[in-house]
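Chain by chain, the residues:
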Amino acid sequence: EAKSQGRNTYQFFSQDLTTGTLERLVMESALRGAVARKELVLHYQPQIDFADGSLAGAEALVRWQHPELGLVPPDRFIPLAEEMGIIGEIGEWVLNEACRQMVAWAAEGFEVPLVAVNLSARQIDRDQIVEITAGALQRNGLAAERLELEVTESMIMREPERALDVLDGLRALGVALAIDDFGTGYSSLAYLRRLPLNRLKVDQSFVSDIGHDTNGEAIIRAVIALARSLGLSAVAEGVETQAQAAFLRAEGCDIGQGYLYDKPMPAASLRASWGRGRKAAD
Ligand code: C2E
Ligand code: MG
Ligand code: MG
Ligand code: MG
């Protein structure tokens, strides 16, 4: 019966639902269970120490490997997972997998100093994240200082006192904390001063301004100065050209990340590319 009505059903959908809604329904049902079906995968993007071109760490970036949709980027399913209330499950998988990979690399003789994992707003809303993080470290035997958690200004400013508590709890575990996309949200300097941070990540939109927008360049200088005066490292995201890298290094930025060095890639590729003590050329 269902089969014979297949055509009509399709017409019904195309008349009464927008393509966006249909896509969403398909995505939702496919995403539910993606973790259990082992369809999520982490790619890693190297972070380069501007001082000597060495590998300072890697950011773990999740992708969804769907049999028909292909490799789905996080912007297309993380917001959906948040709305569906399944981001906790995905986030926990990401944390565990990043820790597991660090230890697996080390066993292969590839020591990555630090792995950075992105958290979502829903994850830092709850104290549970402290336990979950502790569990991932312990289960895999990874030293806390080799894990960095990235949060954004808007995630913190939604409920700053609460975020402060959660971040203090995470910091007490010994993990490093970074603010991602810095400069694109609004944050209060009063809170920034109180947060137990290690790094500020200059958003890639400012990096792409280098060479043609002096306002963007001024913001980069200000963020680097702010990081310095708070005792934090400055990391630049979205470094695509030598000219951008030269500007950032000259301005005292500590670490660069971007297509200039490598795109995010599977764990085995990171090891093949950076495993023999490679240094980025100047
Ligand atoms: P993000 O954390 O700010 O990550 C940086 C994004 O910029 C990544 O996109 C990366 O592939 C891209 N990128 C890196 N270098 C360059 C460059 O030189 N030029 C350009 N144009 N882009 C560059 P991606 O992997 O698609 O991730 C997008 C966003 O999805 C991330 O932004 C992060 O907010 C979120 N995300 C990724 N993985 C996770 C995760 O495991 N959990 C959560 N909650 N969010 C995640
Ligand atoms: Mg990030
Ligand atoms: Mg970012
Ligand atoms: Mg982002």
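Remember, predicted model here, so these are calculated numbers, not experimental data.

> Would you take a moment to explain the overall build of the chain for this structure?
From N to C terminus, the chain includes 13 helices and 10 strands. Projected onto the principal axes, the alpha-carbon positions of the chain cover approximately 70 × 45 × 40 Å. Looking at the 282 residues of the chain, the share that counts as buried comes to 47%. The contacts in the chain between residues at least 6 apart in sequence include a share of 67% that link residues at least 24 apart. With an accessible surface of roughly 13,800 Å², the chain has 50% of that area assigned to carbon and sulfur atoms. Distance between charge centres in the chain, computed from 28 positive and 40 negative side chains, equals 4 Å.

> Would you mind going over the packing of helix α4 (residues 87-107) against helix α6 (residues 128-140) with me for this structure?
Working note: a packed helix pair is described by the angle between its axes plus the distance between those axes. Where α4 contacts α6, the axes come no closer than 9 Å and their chain directions differ by 25°. Taken together, α4 and α6 sit at an angle that is classed as roughly parallel. Both α4 and α6 take part in a crossing whose hand is right-handed. Of α6, the residues touching α4 (which contributes Glu 92, Leu 95, Asn 96, Cys 99, Arg 100 and Val 103) are Ile 129, Ile 132, Thr 133, Ala 136, Leu 137, Arg 139 and Asn 140. Its residues assigned to classes, the contact of α4 with α6 shows seven nonpolar, three polar and three charged.

> It is not clear to me how the site of ligand 1 should be interpreted in this structure. Could you clarify?
In the region of ligand 1, 23 residues are neighbours, and Arg 63, Asn 118, Asp 180, Glu 240 and Tyr 259 sit closest. Between an oxygen atom of ligand 1 and a side-chain N or O atom of Asp 180, the distance comes to 2.8 Å. In the model, an oxygen atom of ligand 1 is placed 3.0 Å from a nitrogen or oxygen of the Asp 181 side chain. Look at ligand 1: alone it shows 800 Å² of surface, and the protein chains cover 83% of it. Taken together, the elements giving at least two residues each to the shell around ligand 1 come down to β2 (55-66) and β6 (176-182). A per-element tally of the shell around ligand 1 places β2 first, with four residues. Residue composition of the shell around ligand 1, grouped by class: nine nonpolar, six polar and eight charged.

> What is the right way to look at the coordination of the magnesium ion (ligand 3) in this model?
Metal coordination angles in their ideal form are 109.5 degrees for the four-donor tetrahedron and 90 or 180 degrees for the six-donor octahedron. The protein atoms that coordinate the magnesium ion (ligand 3) are Asp 180 (OD), Asp 181 (OD), Glu 237 (OE) and Glu 237 (OE), at distances spanning 2.0 to 2.3 Å. Each donor residue of the magnesium ion (ligand 3) belongs to the same chain, and together they define the spacing D-D-x55-E. Between the magnesium ion (ligand 3) and the magnesium ion (ligand 2) the interatomic distance amounts to 4.1 Å, and Asp 180 serves as a bridging ligand to the pair. Of this pair, Asp 180 sits in strand β6 while Glu 237 sits in the loop between β8 (233-236) and α12 (242-250); the two residues are 57 residues apart in sequence, bridging distant segments of the chain. Both residues of the pair, Asp 180 and Glu 237, count as buried.

> Where do I start with helix α11 (residues 214-230) in this structure?
An α-helix turns once per 3.6 residues; consequently, residues spaced three or four apart project the same way. Over its 17 residues, α11 runs 24 Å from end to end, which matches the ideal 24 Å to within 8%, given 1.5 Å per residue. Those residues of α11 that sit buried are Gly 216, Glu 217, Ile 220, Val 223, Ile 224 and Ala 227. Projected onto a plane normal to the axis of α11, the buried residues spread over an arc of 120° and lie on a single side. For α11, exposure combined with an orientation more than 90 degrees from the buried face picks out Thr 214, Asn 215 and Ser 229. Where α11 is buried, its residues contact β6, β7 (199-202), α10 (204-207), β8 and α12. Capping of α11 at its N-terminal end is provided by Asp 213; its side-chain oxygen lies 2.7 Å from the backbone amide nitrogen of Asn 215.

Cut-offs and rules
- By convention here, each chain's residues receive numbers from 1 onward along its written sequence.
- Note on labels: chains are lettered from A, ligands numbered from 1, in written order.
- With the structure being a predicted model, the display of local features is reserved for residues of pLDDT at least 70 and the display and counting of side-chain atom pairs for 80 or more, all residues being used for whole-chain, interface and lining totals.
- For the side-chain quantities, the full set of heavy atoms in the structure was used; hydrogens and water were omitted.
- Elements are defined by DSSP. Helices are runs of H or I of four residues or more, strands are runs of E of two residues or more, and each kind is numbered from the N terminus.
- Categorising residues by exposure relies on relative accessible area from a 1.4 Å probe, with only protein chains included: less than 20% of the type maximum marks a residue as buried, more than 50% marks it as exposed, and the intermediate range marks it as partly exposed.
- For this analysis, residues touch if any pair of their heavy atoms sits within 4.5 Å.
- Calculation of accessible area relied on Shrake-Rupley with a 1.4 Å probe; when residues are assessed, cover is drawn exclusively from the protein chains displayed.
- We count Lys and Arg on the positive side and Asp and Glu on the negative side, and we leave His and both chain ends out.
- A charged residue contributes its charge at one atom only: NZ of Lys, CZ of Arg, CG of Asp or CD of Glu.
- Whenever a helix is involved, its axis is fitted only over the stretch in contact; in every case the axis is a line through C-alpha atoms, and angles between N-to-C directions fall within 0 to 180 degrees.
- Angle categories: roughly parallel below 35 degrees, roughly antiparallel above 145, roughly perpendicular from 65 to 115, and oblique for all the rest.
- Should the near helix be turned anticlockwise from the far one by less than a right angle, the crossing is left-handed, and should it be turned clockwise, the crossing is right-handed.
- Residues are grouped as follows: Ala, Val, Leu, Ile, Met, Phe, Trp, Tyr, Cys and Pro are nonpolar; Asp, Glu, Lys and Arg are charged; every other residue, Gly included, is polar.
- The near set for a molecule or strand comprises every residue that places at least one heavy atom within 4 Å of it.
- Any N or O atom pair separated by 3.5 Å or less is treated as a polar contact, with the protein-specific requirement of one donor-capable and one acceptor-capable atom, and with residues adjacent in sequence counted only for side-chain atom pairs.
- A donor here means any N, O or S atom no more than 2.8 Å from the metal (3.2 Å for Na, K and Ca); water is not included, so a site may seem to lack partners.
- To estimate how far a helix should reach, multiply one less than its number of residues by 1.5 Å.
- Starting at the helix axis, one direction is taken to each C-beta atom, and the arc is that of these directions.

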